[in-house]
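What follows is the residue order along each chain.
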Number of protein chains: 2
Amino acid sequence: MANKFSRISLILPEIKKLLSENKKDEIKSLFQEYEPIEIAEMLKNFDLKEKVYLFSLCNIDLAADIFEKMDKDDQIILIEAIDETRKRNILDELAPDERVDFFEELPEEMVARFLNVMKKEEARETRELMRYDKNTAGGRMTTDFAYVKENITAKEALNNLRKTAKDLEMVYYIYILSKNNKLVGVVSLKDLVLAEPEKIINEIMHTKFITIPVNMDQEQVAKKIARYDLLALPVVDNGEMKGIITVDDIIDVIKEENTEDMYKVSAAGKHIKNYMSMRPSFIAKHRVLYLLIFVIMDFFSGTILKNYSFVVRNAIALSFFIPLLMDTGGNAGTQAATVMVRSLATGEVKLKDIWKVLRKEFIVGIMVAVALGIVTLFRAVLLQGNPFVSLTVSLTMIITVIIATCLGSTLPLFFKRIGVDPALISGPLITSIVDIISLIAYFEIAIHLLGS
Amino acid sequence: MANKFSRISLILPEIKKLLSENKKDEIKSLFQEYEPIEIAEMLKNFDLKEKVYLFSLCNIDLAADIFEKMDKDDQIILIEAIDETRKRNILDELAPDERVDFFEELPEEMVARFLNVMKKEEARETRELMRYDKNTAGGRMTTDFAYVKENITAKEALNNLRKTAKDLEMVYYIYILSKNNKLVGVVSLKDLVLAEPEKIINEIMHTKFITIPVNMDQEQVAKKIARYDLLALPVVDNGEMKGIITVDDIIDVIKEENTEDMYKVSAAGKHIKNYMSMRPSFIAKHRVLYLLIFVIMDFFSGTILKNYSFVVRNAIALSFFIPLLMDTGGNAGTQAATVMVRSLATGEVKLKDIWKVLRKEFIVGIMVAVALGIVTLFRAVLLQGNPFVSLTVSLTMIITVIIATCLGSTLPLFFKRIGVDPALISGPLITSIVDIISLIAYFEIAIHLLGS
């Protein structure tokens, strides 16, 4: 029943006590009982000297696992603080994909220095992985996967696995490779354990497996893994097996993609990790670019208001309702756009549904618009006496909400249709477009009803 | 390299041909090579009669797997179309959590009828699972997990597993239970395969494992599984093992939670699955409730404009810039709120960072505000000649953007502090609040500069 806080807070005083009494072995055996991420978080409570010492108590396997779970800044400080032999061992022991993630944040000079002390084979592998684009299958995969050669027995395969499995992150799918490293089949550890020992592996392996090309975008990879409910998928390049992508990597991808979509829908700029350590000027630069687009779009509203200023001059009460009409139009459009962007992302709505969506949203728009139109009519009558102004406000509200709802729901579909990311249909964009339509409707209705 | 479309489109003509030639065995062996979800999607291309026939060719294991992957509507039609014996077998064979998901969408009468034909044990288990709240660990877990009794050898454990594993979805973690079903340890299939056969399981099992209480909210569960990079976590009730939650269930939870957050940030109403099959009146009802809140909040803007209408009457040009100021204030606030809501959700920003965030956003706000203030000044001069009006617009822009940025970033933190979901700080809410502040600032500055 222990939650993450109680587990860490339970271990902390004990470690501090054991550390002050220099009881190495007790600390070592205590570490064995906890997850690497818990030890990584626990280490944050110690100064660098203590951290290096505690870290030196872990065997190299555990140390590498802990290192992988630390924050980037802590990783850099720690790796530079430990002695050369241990540094080399840790770097060699890191999971290939985690090592690349770490290196990608470092200056080139540092990466070169680290690659220099590493084992030749590991360094070569790392250089190869770093060549792939970070957001593709190649950039996400790990090269540590369980494999056996074809035409051996289930028993032999299990024996081979026993020798190599210790260092592998993921041993539950075993890949069967031909002589020239082509992927010819896959078998689960479950199948292997359940199989008759003397059976040839080619007879129990699946041959119509799903593969991922090395250059596939990570978002597609995430969709594929989620769709098939698999723990890992093999990454191939021209049929040759290069690595695997595991389901826990994919959870990170899904979270990242969701964050990006959310930023887009709110026009909040590009998502950059580590908000807390980012300079304000950097954040400001990203946000102001988006805001400027909408400021410039709103130049139209200003021009429209100027052109119709004779109407406002004759009935100043019309100006009272501008924020209400603008806001509500923007809100209704944002609602519809968000529903559609998200439905497209999850696959709930498909491109071919565009006419059905438009029809549905048109009806929704009318319903919402009429309800809000009635409320607005009462509000307008109460705020000022002129019944024609009230009617103008109410009618504009109805037209605005219907148009906003239809635009908000169909623009993302239209964007998707022409190959543009539908999440770019942000609330602010819809708002600026609806403002223009709404203002023209407002004053045209006013001219007819008020006769100015 | 096959993607999902090519794999399904490849199989379809072949199946149609084999079906017309009534080649049962060929169809059977073809099905074995594909994933259940692929067959489920392929079946959509056949009419009910063919569907029932093709479905009858699958052995009961595969049939249940395929059934689990079908849409709810297709599930209902199919289950009612097949004969009683097969219906009973399919229902018994479904994964317990998938069965509950299916039953929860059905009318009570139907559920009772299904439970009646099922095996007593399966029916009892289903009733028990249906008692848990859908959004908790209990509602998400499956009761099919691999377990062995304590104090047996690794070899015995593997042998026991061989007998039961075939029907289990997840055999990679084996749970060790005491006589009274208390969870005492966990061992991975990897550990078990690697262990010396005669070793007692209690010596190789992990005893400080992470557990999930049966009533834990699914969002917490998702965070925990993602944090520890585990494939499954055991669900316990008072130390007694009740089930497991697997990482693929958690991917669904993460997606759902993200959708909900996105809807909240855009005030788009509650997320309901199956947008395409929902009645417009239902969608309209959910959206209009949110819109009404902001309409009522905007009543304040109307009152403010009325109170200051003498200012507008004297300088009608002031009205030209109301949409620009309102929109930009809302947009800047929405950006900041989105960044903060998302950073809180991913854990990038913590509650204790509130003062650092406010300081950072204040600086960001000033930078963005000054840039936009300068652009607005030029625009105002170009649109109308009065330098005092231009200055008023520019100053209001600066003040509005700074306040919007600070409010947008700190309100989610404040909500979190008082125990309210920070995602409720939506763009529309920030916009309505900023409107009020912005309008008052606008007219107060105008009074001072224009002297009206």
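Here the residue index of a chain counts from 1 through its sequence in written order. For this description, chains carry letters from A and ligands carry numbers from 1, given in the order in which they are written. Totals for whole chains, interfaces and linings use every residue, but because this is a predicted model, local features are given only for residues with pLDDT of at least 70 and side-chain atom pairs only at 80 or more, for both listing and counting. Based on all heavy atoms of the structure, the side-chain values leave hydrogens and waters out of the count.

Q: What is the right way to look at the overall build of chain A in this model?
A: Regarding its fold elements, chain A presents 23 helices and six strands. A principal-axis box enclosing the C-alpha atoms of chain A has dimensions of 90 × 60 × 45 Å. Whether two residues touch is decided by their heavy atoms; if any such pair falls within 4.5 Å, the residues are in contact. A fraction of 68% describes how many contacts in chain A between residues 6 or more apart in sequence connect residues 24 or more apart. Of the accessible surface of chain A, which amounts to about 19300 Å², a share of 56% is contributed by carbon and sulfur atoms. The average position of the 56 basic charges and that of the 62 acidic charges among the side chains of chain A differ by 3 Å. Starting at the N terminus, helices and strands are each numbered in turn, a helix being any DSSP run of H or I of at least four residues and a strand any DSSP run of E of at least two. Note that accessible areas follow from Shrake-Rupley with a 1.4 Å probe, and for residues the cover is restricted to the protein chains shown. The positive count covers Lys and Arg only, the negative count covers Asp and Glu only, and His and the chain ends enter neither. For this purpose, a charge sits on NZ of Lys, CZ of Arg, CG of Asp or CD of Glu.

Q: For this particular structure, what's the right way to read the side chain of Ser266 of chain A?
A: Positionally, Ser266 of chain A belongs in the loop between helix 16 (247-265) and helix 17 (280-297). Working definition: with a 1.4 Å probe on protein chains only, accessible area under 20% of the residue-type maximum means buried, over 50% means exposed, and in between means partly exposed. The class of Ser266 of chain A is buried, set by a relative accessible area of 4%. Ser266 of chain A has contacts with Pro428 of chain A together with Val265, Thr334, Gln335 and Thr338 of chain B, leaving out every residue within four places of it along the chain.

Q: When you look at a nonpolar patch on the surface in this model, what are you seeing that I'm missing?
A: Residues and elements named next belong to chain A. On the surface, a cluster of nonpolar side chains totalling about 460 Å² of accessible area is made up of Phe362, Ile366, Val370, Ile374 and Phe378. Here Phe378 lies in helix 21 (residues 354-383). Judged by relative accessible area, Phe378 falls into the exposed class, the value being 57%. Nonpolar side chains (Val, Leu, Ile, Met, Phe, Trp, Tyr) within 5 Å and like charges within 9 Å form the patches, drawn only from residues with over 30% relative accessible area and no salt bridge. By salt bridge we mean one thing: a side-chain nitrogen of Lys or Arg within 4 Å of a carboxyl oxygen of Asp or Glu.

Q: Looking at this structure, how should I read the domain arrangement of chain A?
A: Put simply, an interface is often sized by how much accessible area is lost when its parts join up. Taken domain by domain, chain A holds domain 1 (4-131), domain 2 (146-253) and domain 3 (298-450). Once you take the C-alpha centre of each, domain 2 of chain A and domain 3 of chain A turn out to be 53 Å apart. Reported domain spans reflect what an automatic or database domain assignment gives.

Q: When you look at the interface of chain B and chain A in this model, what are you seeing that I'm missing?
A: Between chain B and chain A, the residue contacts involve 131 residues of the former and 130 residues of the latter. Overall, the association of chain B and chain A removes approximately 11600 Å² of surface from exposure, summing both partners, and the carbon and sulfur fraction of that is 66%. The tally of links between chain B and chain A comes to four salt bridges. Among the salt bridges present, the one from Arg227 of chain A reaches Glu41 of chain B, with a minimum N-O distance of 3.1 Å. Between N or O atoms, a polar contact is any pair within 3.5 Å; within protein, one atom must be a potential hydrogen donor and the other a potential acceptor, and residues adjacent in sequence are included only when both atoms are from side chains. The tally of links between chain B and chain A comes to 36 residue pairs in polar contact (both at pLDDT 80 or more). When residues in the side of chain B that touches chain A are grouped by element, the largest group, 18 residues, is from helix 20 (residues 322-346) of chain B. Each residue is assigned to one class: nonpolar for Ala, Val, Leu, Ile, Met, Phe, Trp, Tyr, Cys and Pro, charged for Asp, Glu, Lys and Arg, and polar for all the others, Gly among them. For the side of chain B that touches chain A, the residue count by class is 72 nonpolar, 28 polar and 31 charged. Buried area is understood as the total, over both parts, of accessible area removed when two parts are fitted together, assessed with a 1.4 Å probe.

Q: Help me out: how do you make sense of the relation of the copies chain B and chain A in this one?
A: Between the two copies of the chain lies a rotation about an axis combined with a shift along it. Superposing the copies works by least squares over the C-alpha atoms of residues that have pLDDT at least 70 in both of them. Once turned by 180° and shifted 0.1 Å along the axis, chain B lies on chain A with an RMSD of 0.1 Å. Both copies are brought into coincidence by an operation consistent with a two-fold rotation axis. The overlap is high: 99% of the interface residues of chain B also sit at the interface in chain A, so the same surface is used on both sides.

Q: Help me understand the pattern of salt bridges, please; the structure alone is not making it clear to me.
A: When charged atoms on two side chains of opposite charge get close, those side chains can pair. Residue and element names in this part refer to chain B. Summed over all chains, the structure comprises 32 salt bridges over all chains. Note that Glu84 is salt-bridged to Lys87, the shortest N-O span being 3.2 Å. Of this pair, Glu84 and Lys87 both sit in helix 7 (residues 84-93), three residues apart, roughly one helical turn. Residue classification places Glu84 among the partly exposed residues on the basis of a relative accessible area of 41%. On the accessibility criterion, Lys87 (4% relative accessible area) is buried. When the shortest N-O distance is used, the salt bridge between Arg124 and Glu121 registers 3.0 Å. A residue pair is termed a helical-turn pair when its members lie 3 or 4 positions apart in one helix, as Arg124 and Glu121 do in helix 10 (residues 120-130) at three residues. Judged by relative accessible area, Arg124 falls into the partly exposed class, the value being 42%. On the basis of relative accessible area, Glu121 is assigned to the partly exposed category, the value being 44%.

Q: I tried to follow the packing of helix 3 (residues 36-43) of chain B against helix 5 (residues 60-68) of chain B on my own but got confused; where do I start?
A: The relative placement of two packed helices is expressed as an angle between their axes plus a distance between the axes. Residues and elements named next belong to chain B. Contact pair helix 3 / helix 5: the axes reach a minimum separation of 8 Å and the direction vectors enclose 70°. The angle between the axes of helix 3 and helix 5 places the two elements in the roughly perpendicular class. Along this stretch, helix 3 crosses helix 5, giving a crossing that reads as right-handed. Residues Pro36, Ile39, Ala40 and Leu43 of helix 3 form the contact with helix 5, whose own contacting residues are Leu62, Asp65 and Ile66. Here the contact of helix 3 with helix 5 is built from residues that sort into six nonpolar, no polar and one charged. Between N-to-C directions, angles cover 0 to 180 degrees, with each direction set by a line fitted to C-alpha atoms, over the stretch in contact for helices. An angle below 35 degrees is treated as roughly parallel, one above 145 as roughly antiparallel, one from 65 to 115 as roughly perpendicular, and anything else as oblique. Here a crossing is called left-handed whenever its near helix is offset anticlockwise from the far helix by less than a right angle, and right-handed whenever the offset is clockwise.

Q: Please explain the sheet that holds strand 1 (residues 146-149) of chain A as it appears in this structure.
A: Strand pairing in a sheet takes place through backbone hydrogen bonds and is either antiparallel or parallel in direction. Residues and elements named next belong to chain A. By this definition, two strands are paired if DSSP reports at least two bridges between them. One open sheet holds the three strands; their spatial order is 1-2-3, and the pairing between them is mixed. Of all the strands in the sheet, just strand 1 and strand 3 (183-188) have a single pairing partner and so form its edges. Within the sheet, the average angular offset between the axes of one strand and its neighbour, ignoring direction, is 30°. Here strand 2 (residues 173-177) pairs with strand 3 via five bridges, running antiparallel. Across the sheet, Ile174 pairs through a bridge with Val187, a residue of strand 3.

Q: What am I meant to see in the sheet that holds strand 2 (residues 173-177) of chain B here?
A: All names here are of chain B. With respect to topology, three strands assemble into an open sheet ordered 1-2-3, the strand pairing being mixed. At either end of the open sheet lies a strand with only one pairing partner, and these are strand 1 (146-149) and strand 3 (183-188). Shown here is a sheet whose adjacent strand axes are inclined to one another by a mean of 30°, direction ignored.

Q: It is not clear to me how the packing of helix 4 (residues 48-57) of chain A against helix 6 (residues 72-81) of chain A should be interpreted in this structure. Could you clarify?
A: Residue and element names in this part refer to chain A. At a minimum axis distance of 10 Å, the contact between helix 4 and helix 6 shows a crossing angle of 75°. By the angle class used here, helix 4 and helix 6 are roughly perpendicular. Facing Leu48, Lys51, Val52 and Phe55 of helix 4, the residues of helix 6 in contact are Asp74, Ile77, Leu78 and Ala81. The residue makeup of the contact of helix 4 with helix 6, split by class, is six nonpolar, no polar and two charged.

Q: Explanation requested: helix 2 (residues 24-32) of chain B in the structure shown.
A: Because the α-helix completes a turn every 3.6 residues, residues three or four places apart line up on one side. Among the residues making up helix 2 of chain B, those that are buried are Ile27, Leu30 and Phe31 of chain B. Buried residues of helix 2 of chain B, seen end-on, are gathered within an arc of 100° and therefore sit on one face of the element. It is the directions from the helix axis to the C-beta atoms that the arc portrays.

Q: Before we go on, may I ask you to explain the side chain of Thr338 of chain A in this structure?
A: Looking at where Thr338 of chain A falls in the secondary structure, it is placed in helix 20 (residues 322-346). In terms of polar contacts, Thr338 of chain A uses its side chain to reach the side chain of Ser266 of chain B, at 2.8 Å. Not counting chain neighbours up to four residues away, the residues in contact with Thr338 of chain A comprise Val265 of chain A together with Met262, Tyr263, Ser266 and Ala268 of chain B.

Q: Explain the packing of aromatic side chains here, please?
A: Centre distance and the angle of the planes are the two values used to describe a pair of aromatic rings. Centre distance within 6.5 Å is the pairing criterion for rings of Phe, Tyr and Trp, where only the six-membered ring of Trp is used; planes under 30 degrees apart are then read as stacked, over 60 as edge-to-face, and the remainder as tilted. Under the defined criterion, the tally for this structure stands at 21 aromatic pairs over all chains. Within the aromatic cluster, the residues linked to one another by ring pairs are Phe67, Phe102, Phe103 and Phe114 of chain A. Cation placement over rings: the criterion is NZ of Lys or CZ of Arg within 6 Å of the ring centroid and within 35° of the ring normal. Above the face of the Tyr275 of chain B ring, Lys360 of chain A is positioned so that its terminal group lies 5.5 Å from the ring centre. In this arrangement the basic side chain of Lys16 of chain B is found over the ring face of Phe46 of chain B, its NZ or CZ atom lying 5.7 Å from the centre.

Q: Is there a simple way to think about unusual backbone geometry in this case?
A: Most of the time, phi is negative for any residue but glycine, and the peptide bond is trans. A positive phi angle, close to 50°, is found at Ala267 of chain A, a residue other than glycine. Of note, Ala267 of chain A is situated in the loop between helix 16 and helix 17. In this structure Ala267 of chain A comes out as buried when scored by relative accessible area, which is 2%. With a phi close to 65°, Asn151 of chain B is a non-glycine residue in the positive phi region. Mapped onto the fold, Asn151 of chain B is located in the loop between strand 1 and helix 12 (154-164).

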